Amino acid sequence: PSSDCVVAEQLCLSDSTCNATYRTLENCALAKTRLLSLDHDSRVRCLNAELDLGNSSLLHCKCHRRMKRQEHCLRIFWTVHSSMTDGYFNLETSPYENPANEEHWKTDYNKLAALVSGKNCSQLAGDATNPCLKATHVCNLSKKCFRLRTDYASICTKGAGSEDVCDRRKCHRGLRNFFEKVPEDFTKRILFCPCQDEFCGERRRKTIVPDCSFQSNTKPNCLWLLDSCLEDHICKSRLADFQQNCQPVDMSPDGCSLHNRAACLQAYMGMIGTPMTPNFVSNSSVEVSLWCTCENSGNQKEKCDQILGMFESNKCL
């Protein structure tokens, strides 16, 4: 069976029985996105349709973060798994495959810079005291990294200092482009550069242009942020991926259920450029958070705190 949901969908649609079952699931998923409450018979029909897929490749298909038809692939995944989206902590399975490997994340920085520039690294020597500045210079040595970083920076700073506000949706799309299309050897070092002083920390915090992509004049409720995320196939998928790979476990020595910190950091990077974009909260620490509050959450305060806690007090992350 194909592991690619786009290919799996084509195979299913060519089979009359699978086609009929899949069309039923499409109607079920559509009802959920429109927040229509299904009666008992309709819920049973939806669950039966999901079970009827049996060993179909659709039931086990996955998507790739860097694939061309990613949104289409994710729509297929959530159509087949629509029963999983009843609540935040039911997003247990990531639509993405191949989590990051720890070894893959270990790269010699100077060697990388030399390979990219094709010359020695003397121009980076002055950046030793500011690893975040050095990471930016290494990015600039790659045409692709430089171009896509410049693209999102220009989109996300439009309107700065004037009455115009930047287009957050476009800003987020630019950020996703950068983190999806530029090799992680560059992106992870720009985002996670180690700092010893606040000047460096400020540069790290502003990697994603917080005034546009992260913070607004007032903090929205985290439950509203979650609702916005669940309405978006990419954000919902990244959240499922984050929850799976950054699931904290108190009894574990590293605080991580999957014991793969690289996969957790990769999942965290995937959240950037979504309605639930996280960021560093200050120039002097590595604490991260969502830009939201749990004040006035009523009887859903506990759920709200859990959402915020996944970022603020997650030992795995």
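Scroll up a little and you will see the structure.
Residues numbered from 1 in each chain as written. Predicted model: local features only at pLDDT ≥ 70, side-chain atom pairs only at ≥ 80, totals over all residues. Heavy atoms only, no water.

1. Regarding the overall build of the protein chain
Helix and strand counts for the protein chain come out as 15 helices and two strands. Counting all 317 residues of the protein chain, 47% fall into the buried class. Contacts in the protein chain between residues at least 24 apart in sequence constitute 71% of all its contacts with a sequence separation of at least 6. About 16,600 Å² of surface is accessible on the protein chain, with carbon and sulfur atoms providing 50% of the total. (Helix = DSSP H or I, 4+ residues; strand = E, 2+ residues; numbered from the N terminus. Buried < 20%, exposed > 50% of the residue type's maximum accessible area, 1.4 Å probe, protein only. Contact = heavy atoms within 4.5 Å. Areas by Shrake-Rupley, 256 points an atom, 1.4 Å probe, with all protein chains shown as cover.)

2. Looking at unusual backbone geometry
Despite not being glycine, Val209 has its phi angle at roughly 55°, a positive value. Secondary-structure assignment places Val209 in the loop between α10 (198-205) and α11 (210-213). Judged by relative accessible area, Val209 falls into the buried class, the value being 14%.

3. Notes on the packing of helix α1 (residues 5-13) against helix α4 (residues 70-80)
Look at α1 against α4: their axes get within 8 Å of each other, and the N-to-C directions meet at 60°. Comparing the axis directions of α1 and α4 gives the class oblique. Here α1 runs over α4; the crossing is left-handed. Residues Cys5, Val6 and Glu9 of α1 touch α4, and the partners they reach there are His72, Cys73, Arg75, Ile76 and Phe77. (Axes fitted to C-alpha atoms, helices over the stretch in contact; angles between N-to-C directions. Parallel < 35°, antiparallel > 145°, perpendicular 65-115°, else oblique. Left-handed = near helix turned anticlockwise from the far one by under 90°.)

4. Focus on the state of the cysteines
As enumerated under the stated definition, the model contains 14 disulfides in all. Sulfur-sulfur distance for the disulfide between Cys28 and Cys46 comes to 2.0 Å. On the sign convention where negative is left-handed, the bridge of Cys28 and Cys46, at about -95° about the S-S bond, is left-handed. One end of the pair, Cys28, is in helix α2 (residues 16-33); the other, Cys46, is in helix α3 (residues 40-52), and 18 residues separate them in sequence. Residues Cys28 and Cys46 agree in their burial class; the two are buried. What pairs with Cys229 in a disulfide is Cys235, and their sulfur atoms sit 2.1 Å apart. Given an S-S torsion of about -105°, the disulfide between Cys229 and Cys235 has left-handed geometry. With relative accessibility at 0%, the residue Cys229 sits in the buried group. Overall, Cys235 belongs to the buried group, its relative accessible area being 0%. (Disulfide = S-S within 2.5 Å.)

5. Some remarks on α1
Within α1, burial applies to Cys5, Val6, Ala8, Glu9 and Cys12. Along the axis of α1, the buried positions cluster into a sector of 160°, meaning they face one direction only. A side-chain oxygen of the first residue of α1 lies 2.8 Å from the backbone nitrogen of Val6; this N-cap is Asp4. (Arc of directions from axis to C-beta. Polar contact = N/O pair within 3.5 Å; in protein donor to acceptor, adjacent residues only side chain to side chain.)

6. A look at the pattern of salt bridges
Under the definition given, this model contains ten salt bridges. A salt bridge links Glu26 to Arg23; its shortest N-O distance comes to 2.8 Å. Of the two residues, Glu26 and Arg23 are both situated in helix α2; the distance of three residues between them amounts to about one turn of the helix. Residues joined by salt bridges that share partners form a network here, namely Glu9, Arg23, Glu26 and Arg75. (Salt bridge = Lys/Arg side-chain N within 4 Å of Asp/Glu carboxyl O.)

7. Comments concerning the packing of aromatic side chains
One pass over the structure, following the stated rule, counts six aromatic pairs. Centre to centre, the rings of Phe77 and Trp78 are 5.0 Å apart; their planes meet at 90°, and the pair counts as edge-to-face. Here the two residues Phe77 and Trp78 agree in accessibility, since each one is buried. Consider the rings of Phe214 and Trp291, whose centres lie 5.6 Å apart with planes at 65°: the pair is edge-to-face. Highlighted residues: Phe214 in the loop between α11 and α12 (222-230) and Trp291 in the loop between β2 (288-290) and α15 (301-312), separated in sequence by 77 residues. Judged on exposure class, the residue Phe214 and its partner Trp291 are both buried. Its guanidinium or amino end placed over the ring of Phe280, Arg204 lies 4.8 Å from that ring's centre, counting from NZ or CZ. When the ring centre of Trp291 is taken as reference, the NZ or CZ atom of Lys219 above it lies at 4.9 Å. (Phe/Tyr/Trp six-rings, centres within 6.5 Å; stacked < 30°, edge-to-face > 60°. Lys NZ or Arg CZ within 6 Å of the ring centre and 35° of its normal.)

8. Considering the nonpolar core
One finds Phe178, Phe179, Phe242, Met276, Leu290 and Phe311 to be the most contacted residues of the largest nonpolar core, which totals 49 residues. Setting aside residues no more than four positions away along its own chain, Phe242 makes contact with Gln247, Ala267, Tyr268, Met271, Met310, Phe311, Asn314 and Leu317. If you look at the next biggest cluster of nonpolar residues, it comprises 22 residues, including Cys12, Tyr22, Leu53 and Val80. (Core = buried A, V, L, I, M, F, W, Y, C linked by side-chain atoms within 4.5 Å.)

9. Observations concerning the side chain of Thr79
Tracing the backbone shows Thr79 in helix α4. The class for Thr79 is buried, based on a relative accessible area of 4%. When residues no more than four places from it in sequence are discounted, the contact partners of Thr79 are Tyr22, Leu25, Glu26 and Ala29.

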